[in-house]
Structures are given as C-alpha cells and as structure tokens.
Amino acid sequence: MSDTTPEHLDVLIVGAGLSGIDAAYHVGKTFPDRSYAILEMRDALGGTWDLFRYPGIRSDSDMYTLGFGWKPWKGKKAIADGADIRAYLQEAARENGIDENIRYLHKVVKADFSTEDARWRVSVERTDTGETTELTADFLWSTSGYYRYDEGFTPDFAGLDDFKGQLVHPQHWPEDLDYQGKRIVVIGSGATAVTLIPSLADSGAGHVTMLQRTPTFIVPQPLTDPISYRMLQTLPDKLASKLVRGRYLALTIGFYEFCRARPKEARKLIRAMSERRLPKDVSYDEHFTPPYDPWDQRLCVVPRGDLFKALRKHTVDMVTDHIDRFTEKGILLKSGRELEADIVITATGLNLQVFGGAQLAVDGAEVKLPDTMAYKGMMLSGIPNFAFIVGYTNASWTLKADLVCGYIVRVMEHMAKSGARTVVPKRDPAVAEEPFLDFEAGYVMRSINQFPKQGDVEPWRLKMNYFKDLKVFGKPVDDPALEYSR
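Residues numbered from 1 in each chain as written. Predicted model: local features only at pLDDT ≥ 70, side-chain atom pairs only at ≥ 80, totals over all residues. Heavy atoms only, no water.

(A) Representation of the overall build of the protein chain within the structure. Each helix and strand in the protein chain was counted, giving 13 helices and 27 strands. Whereas a compact globule of 486 residues would reach a radius of gyration of roughly 23 Å, the protein chain reaches 23 Å, a difference of no more than 12%. Along the three orthogonal principal directions, the C-alpha set of the protein chain runs to about 70 × 50 × 45 Å. Within the protein chain, buried positions represent 53% of all 486 residues. Considering only contacts in the protein chain between residues 6 or more positions apart, those separated by 24 or more positions represent 71%. Summed over all atoms, the accessible surface of the protein chain reaches about 21600 Å², with 48% contributed by carbon and sulfur. Each charge sign in the protein chain was given a centre, from 61 positive and 67 negative side chains, and these centres are 7 Å apart. (Helix = DSSP H or I, 4+ residues; strand = E, 2+ residues; numbered from the N terminus. Rg over C-alpha atoms; globule rule 2.2 N^0.38 Å. Buried < 20%, exposed > 50% of the residue type's maximum accessible area, 1.4 Å probe, protein only. Contact = heavy atoms within 4.5 Å. Areas by Shrake-Rupley, 256 points an atom, 1.4 Å probe, with all protein chains shown as cover. Lys, Arg positive; Asp, Glu negative; His and termini not counted. Charge placed at Lys NZ, Arg CZ, Asp CG, Glu CD.)

(B) Quick look at the sheet that holds strand 17 (residues 343–346). Spatially, 8-17-9-10-13 is the arrangement adopted by the 5 strands of the open sheet, whose pairing is parallel. The strands lining the two open edges of the sheet, one partner per strand, are strand 8 (166–168) and strand 13 (316–320). Averaged over neighbouring strand pairs, the angle between their axes works out to 20° when direction is ignored. As judged from the 5 bridges shared by strand 9 (residues 183–187) and strand 10 (residues 207–212), these two strands associate in the parallel manner. Across the sheet, residue Arg183 finds its bridge partner in strand 10, namely His207. Along the sheet, helix 5 (residues 191–202) contacts strand 9, strand 10, strand 13 and strand 17; its crossing angle with strand 10, the most-contacted strand, is approximately 165°. (Pairing = 2+ DSSP bridges. Axes fitted to C-alpha atoms, helices over the stretch in contact; angles between N-to-C directions.)

(C) Looking closely at the pairing of strand 17. Side-chain alternation along strand 17 places Ile343 and Ile345 on one buried face and Val344 and Thr346 on a second face that is also buried. With 3 bridges connecting them, strand 8 and strand 17 associate as parallel partners. Of the residues in strand 17, the one forming a bridge with Leu167 is Val344. As paired strands, strand 9 and strand 17 are joined by 4 bridges and run parallel to one another. By the bridge assignment for strand 17, Ile184 is matched with Ile343.

(D) Structural context of helix 4 (residues 82–95). Helix length check: helix 4 (14 residues) gives 20 Å between terminal C-alpha atoms against 20 Å at 1.5 Å per residue, within 8%. The elements touched by buried residues of helix 4 are helix 1 (18–30), helix 2 (48–51) and helix 3 (63–66). Just downstream of helix 4, Gly97 is the residue with a positive phi angle, here 70°. (Expected span 1.5 Å × (residues − 1).)

(E) How the structure looks around the sheet that holds strand 15 (residues 330–333). One open sheet accounts for 3 strands, arranged 14-15-16; its pairing is antiparallel. The outermost strands of the open sheet, each flanked by one partner alone, are strand 14 (323–326) and strand 16 (338–340). For this sheet, the mean angle separating the axes of adjacent strands, direction not counted, is 25°. Of the pairings in the sheet, the one linking strand 14 to strand 15 comprises 3 bridges and is antiparallel in character. By the bridge assignment for strand 15, Phe326 is matched with Ile331.

(F) The packing of helix 11 (residues 397–418) against helix 13 (residues 466–473), seen in detail. Packing of helix 11 against helix 13 leaves a shortest axis separation of 11 Å and a crossing angle of 0°. Looking at the two axes, helix 11 sits roughly parallel to helix 13. Where helix 11 approaches helix 13, its residues Leu399, Lys400, Leu403, Val404, Tyr407 and Arg410 are matched on the opposing element by Tyr466, Asp469, Leu470 and Phe473. For the contact of helix 11 with helix 13, the per-class residue count stands at 7 nonpolar, no polar and 3 charged. (Parallel < 35°, antiparallel > 145°, perpendicular 65-115°, else oblique. Nonpolar A, V, L, I, M, F, W, Y, C, P; charged D, E, K, R; others polar.)

(G) Region of interest: unusual backbone geometry. At the junction of Glu458 and Pro459, the peptide bond is cis and its omega measures out at 0° in the coordinates. Despite not being glycine, Asn385 shows a phi value in the positive range, around 50°. If you trace the backbone, Asn385 turns up in the loop between strand 22 (379–380) and strand 23 (386–388).

(H) Highlighting the nonpolar core. Counting residues in hydrophobic clusters, the biggest one holds 146 residues, and the most contacted among them are Trp141 and Leu200. Tallying contributions element by element places helix 11 first for this core, with 12 residues. In this view, Leu200 contacts Pro55, Trp173, Tyr179, Ile184, Val186, Ala205, Val208 and Ile345; residues no more than four positions away in its chain are not counted. Core analysis: the second largest hydrophobic core is formed by 13 residues, Phe163, Val319, Ile323 and Ala341 among them. (Core = buried A, V, L, I, M, F, W, Y, C linked by side-chain atoms within 4.5 Å.)

(I) Quick peek at the pattern of salt bridges. Tallying each qualifying case throughout the model produces 27 salt bridges. Asp402 is the salt-bridge partner of Arg245, the closest N and O atoms lying 3.0 Å from each other. Of this pair, Arg245 sits in helix 7 (residues 237–261) while Asp402 sits in helix 11; the two residues are 157 residues apart in sequence, bridging distant segments of the chain. Exposure remark for Asp402: the relative accessible area of 15% places this residue in the buried category. Of the charged contacts, one joins Arg260 and Asp296 as a salt bridge, the two residues approaching to 2.8 Å between their closest N and O atoms. In this pair, Arg260 sits in helix 7 while Asp296 sits in the loop between helix 9 (284–287) and strand 12 (300–303), placing the two residues 36 residues apart along the sequence. (Salt bridge = Lys/Arg side-chain N within 4 Å of Asp/Glu carboxyl O.)

(J) The packing of aromatic side chains, seen in detail. The final tally for this structure, using the stated rule, is 21 aromatic pairs. With 5.4 Å between their ring centres and 45° between their planes, Phe157 and Phe326 make a pair best called tilted. In this pair, Phe157 sits in the loop between strand 7 (147–152) and strand 8 while Phe326 sits in strand 14, placing the two residues 169 residues apart along the sequence. Given a relative accessible area of 14%, Phe157 falls into the buried group. Cluster of aromatic residues (ring-pair linked, three or more members): Tyr25, Phe68, Trp70, Trp73 and Tyr88. Above the plane of the ring of Phe31 lies Arg34, whose end atom (NZ or CZ) is 3.9 Å from the centre. The positively charged end of Lys376 is found above the aromatic ring belonging to Phe473, 5.9 Å away from the centroid. (Phe/Tyr/Trp six-rings, centres within 6.5 Å; stacked < 30°, edge-to-face > 60°. Lys NZ or Arg CZ within 6 Å of the ring centre and 35° of its normal.)

(K) Summary view of the state of the cysteines. Taken as a whole and judged by the stated rule, the model has 0 disulfides. Between Cys300, a free cysteine, and Cys259, which holds the nearest cysteine sulfur, the sulfur-to-sulfur gap is 13 Å. Its relative accessible area of 2% is what places Cys300 among the buried residues. (Disulfide = S-S within 2.5 Å.)

See below:
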C-alpha cells in the first residue's frame, strides 16, 4: 500500500458505546477473517455510560435486558449505576478482543459511497490534534446513537446572566463541584432529574428543590431482584439468562402494552404505586399527574423509591411552576415566588444529532436524510452498504441492537454467498411517510425534522415491541425491498 492509498477495512463501525461493542462482537464472531475497526470520537469506550458522570447516574432499564444477549448480566443490582455499567462494557470488549480494534479520538466527518468501487471513502478527524485522514470500507455502520455528546440542551432562560450562583448541565458535570451544604435547584422532571436529586440530597447538599414545568410519570422499582440473581447463580448460564431475560421482557413489554391499550387504568395503577409513598404535604395531583398518557413519554424509574424517600425526609421538595426569569439570587417563577439557589442544575434534556453529525454522500451527491426512509429502523433507502442502530424508547436499547446486529451479519453472509458487492433498500413510492420516532419527548420534537422518515407499513415501519420485532427480523434477508448487486 502506497502512502497515498487510504487504509481499507471490511467493516467500519462508528461509536464505541453499547451499540458499537455489540456490532463489533457480531462481526468478529461471524467473520473472524474480516477486518474491522471502531472509531470513537472520545478517549474512552462506553458512550453514554462514560460521558455522564453526575452523582447517582444509573440505568433506567433493567440490566438483564440492557446487558448483551451474548454476555448475561450477573450483578446483584437489576438497576445498575454508571460505574458498574461502564465496567461491564469494558469487560465485554476486553474478553472478546474488541478493545484492540477501537481507535479513540477519531471522528467521522464525511463518508461518500462510490458505486463504481462499491466502497465507502471516509474522512476522519483526530479530535485531539485536528489532523484529518481517510479510510475506505466495504460496509459502514453507525452506532453513535442519536445524542449530541458535546452539547446538552439548555433553554434560553431570561435573565440567565444575572444569576450570581453556579449553573451546571448534567452532561458536563464538573469533577470539582462543591455542593456540600448548598441550596440547589434542579430544573427538569425527566430521568436525569429524578436520578440526580436523591443522590445530591443523600450526599451532603443543604437542600434540593426539583423545579418542573410539567410532571412526569414516576414509577418505583426494586433495586435488586433476588429471584433472578439466584437463578443466575444456580442454573446453567444459557438457561438462566434465557429465563431471566424472558421474565423481564414479559414484564416491561407487557406493562407498556397495558399502558397503551388502557391508559386510564394505567394512570390509576401508577398513582396507587406512587401516592402511598408520598408524605401528606406533597400533592400527587399537583406534582405527579402529567397532561399526557403513560408512555406518550418515557416513564421514570426510581429504584427503591429513593425520590419518595427524600421527599418524606424533606431534604427535597418539589415545585411545579413556570420560570419567569433568573435573578441574582435564583429563579423567579410565574407565580411570583422566588427560589433562592447557590447552584442551578439544568436537567433540561439533550440535543439530538443524526449519525454523530457525519455528512453522508453517494457518488458525491450529498444525502438529505429527511428525504430517505428507514428500512426496519436500521438501513436507509438509497444508501448502499450502510446500517445504523437506534434502540427502543420503551424498553432496553440493547434489545433492538441485538436484533439489528443479527440481521446485518446475515445480510453480509448473503452478500458473500451470492457474490453481491452492494445492498441497498429500495423505497416503494406507495408507502406513506411518517415521523421516524413516534415519541412526544421534548428532545425528540425539537429535532425530528432532521431525521429520516419511517413508512406506514412493514418493512418500513418501526416497531416498539421486541416480540413483534423478533418476527420481523427473523424473516429472510433476500427481502424484495433490498436490492443486492454485483
């Protein structure tokens, strides 16, 4: 290879989080003789679980389904904290030689597919030096999720510059933040807020106020599961993993389907689980009754009911109101009340970014993602030899990742056997367009117009049910919607 010839890889994976490690495992196991690399823009693997370091960071999905199907979670905690998840991912990568194929501080800027050469030409930037290089690959696989890792979302609050205290976004938590004895206001009602608040209260904050504009459905859940843990310790690994995983799948997906089919009954059930854990001076109707139905947005899980415990101890209080403006001392609410604070934490959400911000092109023509349609939520119409992973919004991310990984390696096997050099989904003009994510969370609604579309029928319509997807992804890969070419 000459100095001017880019290095070539059979498969190029972008992102070393849950999805990237999963994809690398499947590629390495199915095609041990093929070359692959994972490009990771940060200096460590783990994605979300390495980036977020705020106090109390934990999963809001059980680890028995968030863990990989090929590496069962054997920890005692069903809901694990960030450090445990990070250690699990590091171990999974190390045990399977995946860590040796990760190239850190490498960011994909642009990828252009050449139909004539049947390969991608990928422009890569070193995030530490700014140096740019090129690689080529037969197959490109985006596993970077849809969060923007360098920037969280903070609304344009009036008077923000007037505030004399400290403003912190959880996505960029300062390692040296001293909150001991301090008055803290956490803005937000999502998973980050309900995770962070009890941890701050238990680790030395003077007082914590949860300030929310709109309530969220909050569901208590046990931190540990003795039955599942005992099965994993006493039964053969494969049997135990299958039983435990199946148990949690039935519980989580069953509850989701119940909520969607019978929202009134679901509201009553969630209320019964939560209200009895509240102190008498905290109103469920005021602070825990959203204007939408369960699972219109993701439910928030509180292990051991830790948020309710903090409310009973009165180390935390809740305020449901709208922000008028920031002041020197804190936050002025529309009601006229002022919340004084030494630290304000904006747990106000994330920014979305498609494929890590990389620009895709085919034969030099820029791809406009909103003009494409997603095939089974994993490939895009008109873009050859390309796949991506977007997990479930109503269940563990990894469940969908495992299905996608299994399908894509079957596609690659079919290409090898048939002599095909390219595979591309061909869009049916009769299929009507729908938004890519049918989910009303604010971070989704702000950015949905940047995403591809989904269709109104299979195989162009996304599923949010693992059991239904098992059938969809179990179908043959010589699908009429996929065009294979030599």
